[in-house]
Amino acid sequence: MAQSEASSPGPETAGALTTADGRPLAAALARASARARRRAFLLVLPLLAFILVTFVLPIGQMLLRSVHNDAFPRNMPALTAWFSANPRGTEPGEDAFAALAADLKGLRANRTAGEVGTRVNYEFSGTRSLFTATARNAEALAPPYREALLAADPAWGDPRLWAVMRDASRAITPNFYLAALDRARDETGAVVRAPPERRIYVLLFERTFLVAGVITALTLLLGYPVAHLLATLPLRWSNLLMIFVLLPFWTSLLVRTTAWIVLLQGQGVVNNVLVALGIVPDSGRLSLIYNQTGTIIAMTHILLPFMILPLYSVMRPIPPSYTRAARSLGASSWTAFRRIYFPLTLPGIAAGGLLVFILAVGYYITPALVGGASGQLISNLIAFHMSSSLNWSLAAALAAILLAAVLLLYWLYDRLIGIDNLKLG
Amino acid sequence: MDGSGQARGFVEFDRVQKSYDGVTLVVKDLNLAMPKGEFLTLLGPSGSGKTTCLMMLAGFETATHGEIRLDGRPITQVPPHRRGIGMVFQNYALFPHMTVAENLAFPLEVRGIGRAAREEKVRRALDMVQMAGFGGRRPAQLSGGQQQRIALARALVFEPELVLMDEPLGALDKQLRERMQFEIKHLHERLGITVVYVTHDQSEALTMSDRVAVFNDGMIQQLAPPDELYERPANSFVAQFIGENNRLPGRIESVEGGRALVRLDTGELIDATPVNVTGPGARTLVSIRPERVEFKPDQIPADAHTIEAEVLEFIYMGDSFRTRLRVAGSDDFIMKYRNAAGQRRLEPGERVTIGWSPADARALDMP
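Residues numbered from 1 in each chain as written. Chains lettered and ligands numbered in written order. Predicted model: local features only at pLDDT ≥ 70, side-chain atom pairs only at ≥ 80, totals over all residues. Heavy atoms only, no water.

**Observations regarding the overall build of chain A**
On a plain count of helices and strands, chain A comes out with 20 helices and 2 strands. Against the compact-globule benchmark of 22 Å for 425 residues, chain A has a radius of gyration of 32 Å, which places it well outside the compact range. The C-alpha extent of chain A, read off along each of the three principal axes, is 95 × 95 × 35 Å. Put simply, chain A has 425 residues, and 39% of those count as buried. Taking the contacts inside chain A whose residues are at least 6 apart along the sequence as the reference set, 68% of them involve residues at least 24 apart. (Helix = DSSP H or I, 4+ residues; strand = E, 2+ residues; numbered from the N terminus. Rg over C-alpha atoms; globule rule 2.2 N^0.38 Å. Buried < 20%, exposed > 50% of the residue type's maximum accessible area, 1.4 Å probe, protein only. Contact = heavy atoms within 4.5 Å.)

Okay, here's the thing in structure tokens:
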């Protein structure tokens, strides 16, 4: 190496740098590091595959499901063809009813009336039985089909039903998102708000974000002094305190939530103590659980460590000399906290806040157990549509809106504070 | 202990004691008075109580007993931010989320000084430490020496009369440390401020200070100007702590006219100046600096006792030669002499007769 460097005029000559044997330096460097990069890639490959299969694919499928449902076009080909041939607003004539009758016979033969009925029922409730009942006797239908079907059930003449079927005939539809935002289409296809008694999702989104915000604020308020204590106490005491902070992690979530029920219920420990002390009359026991208050109390407790730990990890390396320097420079203890200590803990506050807020927005089990009616959050409704009403498309749309809102928050956070400042520990 | 004897100082410690645990005293009965404009260094090994004294003066620790006065006023009850004392910390403690200029403006801002005056003072302070043009940088973008200068400027920008420095050069490399020593010294002379400086580096203390207080075991062992400290240590701790030192144990034979005759444990007789020994018969540790030991007969006073030595090791140090000798049964007697033109180099195994002026050897207490 030494000789070639001395003899060849190569490396230091004008223009692009080259190696001793005259190859461009950049290419040589790329070749040299390619092997290391390949090895690194192979090492992360298993994790990449795991994430792809268990995370990216299911979420992608869920997002697809929120805009795609082909139960109707797949099982009702004739009527779907009629809808695409005739523009919106066309009065359904004999040809339309003939197509409907043909499809109903198909449903009977394939036993898929329930599937189609469910799809239409998502947007026009009470219509599932219409499909199943009519399909059951579809073999008896004979021309003229219009009269025959109206005789079977006059509901077949409802213009709203025809508008809903027209929407359902397209596999790709924004209707689930409309439903998730308390909107629907009327007979003419215009987007209108759902009737007041059916507007629940927007309210629930608002409540979810409000409750998550309150919980984040409460955990910060309660967690900040604890984290400071943890960071400044002598190691012996701070270790003990850390065990108390982590103790809830070692207990089942279900046990912790149930413990709150024992404490907070009408005849529970808290109310009994308040009554015994005469602070609250026996007739006016506080309702601390099975409502929003219960959700907030229990979730604040459960999410507190997620605020304390990032705060602690940011506070621990802040040397006490910063505050001392500020004090010696003439700042009162409050000013020293406000101008020096607090700004230095901002990355921890931001990390803890983001973590707690995102966890709270998607929390399911605690509000389900202690939330009652007023303490339910959007995730409880998503679970309801997943497991009870089986409207997976609506559940997917709700979940996608939640995801979008969280991503929006994340983006805002990045713009305001910068994601590089995030310190999770 | 206070050799200079002024009645009232600018900074006074009056019978100050400090205990953290209620069982042991970290600072035992500290009395100290320093005049305005003095550069006083608290020097001592770690755990000797010097930093505790500084922290009590700054207001971050409270004295368990006694009184600390600043310009005649007791400051025990005054919170740190009202004391108006500038302080430079060991790790600089520059606020990482502020620029250099904001760091410097901070003490002015909390004092309610207007923007225009603030900017002017910050500019002047940056000029003073030769860091003009660095105002927009963050502390993390500066080198250790630059951070040190900014920390210094920040402690001086609000024009305090007293500045405390807690091992401010400890994190710098040797060369930079020596340059900063002179810069701090020059700033002190130019601004006429009073400085209390804490260090465990004795050469730093000797270079910079007007007076040095040597701490050990919670007490001031000696408070004196650097030359006196080095040449006339008051006890064996100071002699050993400051500079290099040869120690010869023995017993006082006689004391006459400020001159003591000491019989070493191995039987030889040597001359020394009695410092804190009681009188004939007392055990003593004779202390002598390596550079005051002579081996050429014409350099040794005619009436002084001499002692036989064997050269064990010769080390070339550039500006000087360092030889390790066997003297009076001990193998670690060091003699240092200048690398002058034509100077003889001793060979290991060579036997020499060494001696010294009685004033340079000091008969101290046996610890």
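Anyway, onward from the coordinates.
**Let's talk about helix α5 (residues 174-191) of chain B**
All names here are of chain B. For α5, built from 18 residues, the straight-helix expectation of 26 Å at 1.5 Å per residue is met to within 8% by its first-to-last C-alpha distance of 26 Å. Those residues of α5 not exposed but buried are Met180, Gln181, Glu183, Ile184, Lys185, Leu187 and His188. Check the buried side of α5 and you find it contacts β3 (39-43), α3 (115-128), α4 (144-156), β7 (162-166), β8 (194-199) and α6 (202-208). Once α5 ends, the next one or two residues include glycine 192, with phi positive near 70°. (Expected span 1.5 Å × (residues − 1).)

**Digging into helix α17 (residues 333-361) of chain A**
Along an α-helix, residues three or four positions apart point the same way, because every turn accommodates 3.6 residues. Compared with the 42 Å implied by 1.5 Å per residue over 29 residues, the 36 Å span of α17(A) between its first and last C-alpha is markedly short. Its axis deflected by about 45° at A:Phe342, α17(A) carries its strongest bend there, up to four residues before the proline A:Pro343. (Bend = angle between axes of the 7 residues up to and from the residue.)

**Overview of the domain arrangement of chain B**
Residues and elements named next belong to chain B. Taken domain by domain, chain B consists of domain 1 (11-236) and domain 2 (245-364). In this structure, domain 1 and domain 2 have C-alpha centres spaced 39 Å apart. Tallying the contact residues gives 8 residues for domain 1 and 8 residues for domain 2. In total, domain 1 and domain 2 occlude about 700 Å² of area from one another, counting both sides; carbon and sulfur atoms represent 46% of this. Of all residues in domain 1, Tyr230, Pro233 and Ser236 bury the most surface against domain 2, accounting for 61% of the area lost on that side. Joining domain 1 to domain 2, the criterion identifies 1 salt bridge. Among the salt bridges present, the one from glutamate 231 reaches arginine 292, with a minimum N-O distance of 4.0 Å. Where domain 1 meets domain 2, there are 5 residue pairs in polar contact (both at pLDDT 80 or more). No other element matches helix α7 (residues 226-231), which puts 3 residues into the side of domain 1 that touches domain 2. (Domains from an automatic or database assignment. Buried area = accessible area lost by both parts, 1.4 Å probe. Salt bridge = Lys/Arg side-chain N within 4 Å of Asp/Glu carboxyl O. Polar contact = N/O pair within 3.5 Å; in protein donor to acceptor, adjacent residues only side chain to side chain.)

**Let's talk about the confidence of the model for chain B**
Residue and element names in this part refer to chain B. A residue-level look at chain B finds 98% of positions with pLDDT of 70 or above and a mean pLDDT of 89. Mean pLDDT across the secondary structure elements of chain B bottoms out at helix α8 (residues 236-241), with 88, and peaks at helix α2 (residues 100-109), with 95. Every residue in residues 1-7 scores below 50 in pLDDT, and together they form 11 contacts with partners more than four places removed in sequence or on other chains. (pLDDT = per-residue confidence, 0-100.)

**Regarding the sheet that holds strand β9 (residues 211-216) of chain B**
Residue and element names in this part refer to chain B. Taking strand neighbours across the sheet as the criterion, the 6 strands line up as β6-β7-β8-β3-β9-β10 in an open arrangement whose pairing is mixed. Looking at which strands have only one partner, the edges of the open sheet turn out to be β6 (85-88) and β10 (219-224). Mean inter-strand twist for the sheet, computed between neighbouring axes without regard to direction, equals 20°. Of the pairings in the sheet, the one linking β6 to β7 comprises 4 bridges and is parallel in character. (Pairing = 2+ DSSP bridges. Axes fitted to C-alpha atoms, helices over the stretch in contact; angles between N-to-C directions.)

**What to know about the side chain of B:Asn246**
Residues and elements named next belong to chain B. As for its position among the elements, asparagine 246 is in strand β11 (residues 246-256). The buried category is assigned to asparagine 246, whose relative accessible area is 2%. Side-chain polar atoms of asparagine 246 contact the backbone oxygen of isoleucine 334, separated by 2.7 Å. Apart from residues lying up to four places away in sequence, asparagine 246 is in contact with Val286, Ser287, Ile288, Arg289, Pro290, Val293, Asp332, Phe333 and Ile334.

**Describing the nonpolar core**
Proteins that are soluble and globular tend to have nonpolar side chains buried together. By size, the foremost hydrophobic cluster in this structure holds 123 residues, and its most contacted members are B:Leu57, B:Phe95, B:Leu162 and B:Leu164. Discounting residues that sit within four places of it in the chain, B:Leu164 has contacts with B:Leu54, B:Leu57, B:Ala58, B:Ile85, B:Gly86, B:Met87, B:Val88 and B:Val196. (Core = buried A, V, L, I, M, F, W, Y, C linked by side-chain atoms within 4.5 Å.)

**Section: the sheet that holds strand β16 (residues 320-327) of chain B**
Whenever strands of a sheet pair, they do so through backbone hydrogen bonds, lying parallel or antiparallel. Residues and elements named next belong to chain B. Strand order in the open sheet made by the 4 strands is β17-β16-β15-β18, with antiparallel pairing throughout. Only two strands of the sheet have a single partner each, and these edge strands are β17 (330-338) and β18 (351-354). Sheet twist, expressed as the average angle between the axes of neighbouring strands with direction ignored, equals 45°. Two strands pair when backbone bridges link them, and β16 and β17 are joined in this way by 7 bridges, in the antiparallel orientation. Looking across to β17, one finds that arginine 324 is bridged to isoleucine 334.

**With respect to the pairing of β10(B)**
As defined by bridge partners, β9(B) adjoins β10(B) across 5 bridges and the pair is classed as antiparallel. Residue pairing in the sheet places B:Asn216 in a bridge with B:Met219 of β10(B).

**Things to note about the confidence of the model for chain A**
All names here are of chain A. Confidence in the prediction for chain A averages 87 pLDDT; 95% of positions are at 70 or higher. Mean pLDDT across the elements of chain A ranges from a minimum in helix α1 (residues 2-7), with 42, to a maximum in helix α11 (residues 201-232), with 94. Across residues 1-13, confidence stays below pLDDT 50; counting only partners more than four residues off in sequence or on other chains, it has 5 contacts.

**Points about empty space enclosed by the protein**
All names here are of chain B. The tally for this structure, following the rule as stated, stands at 2 cavities of 30 Å³ or more. Put simply, the largest cavity is a space of about 50 Å³. Lining the largest cavity are Met56, Glu61, Thr62, Ala63, Ile68, Ile75, Thr76 and Arg83. Of the residues in the lining of the largest cavity, the class split is 4 nonpolar, 2 polar and 2 charged. Considering only enclosed or pocket space, the second largest cavity measures out at about 30 Å³ in volume. Around the second largest cavity, the lining residues are Leu152, Leu156, Met165, Ile184, Leu187, His188, Ile193 and Val195. Put simply, the parts of the chain that give the lining of the second largest cavity at least two residues each are α4 and α5. Here the lining of the second largest cavity is composed, by residue class, of 7 nonpolar, 1 polar and no charged. (1 Å grid on protein atoms, 1.4 Å probe; cavity = no way out; pocket = protein on both sides within 12 Å on 5 of 7 lines; lining within 4 Å. Points joined across faces, edges and corners; volume = space filled by probe spheres on them. Nonpolar A, V, L, I, M, F, W, Y, C, P; charged D, E, K, R; others polar.)

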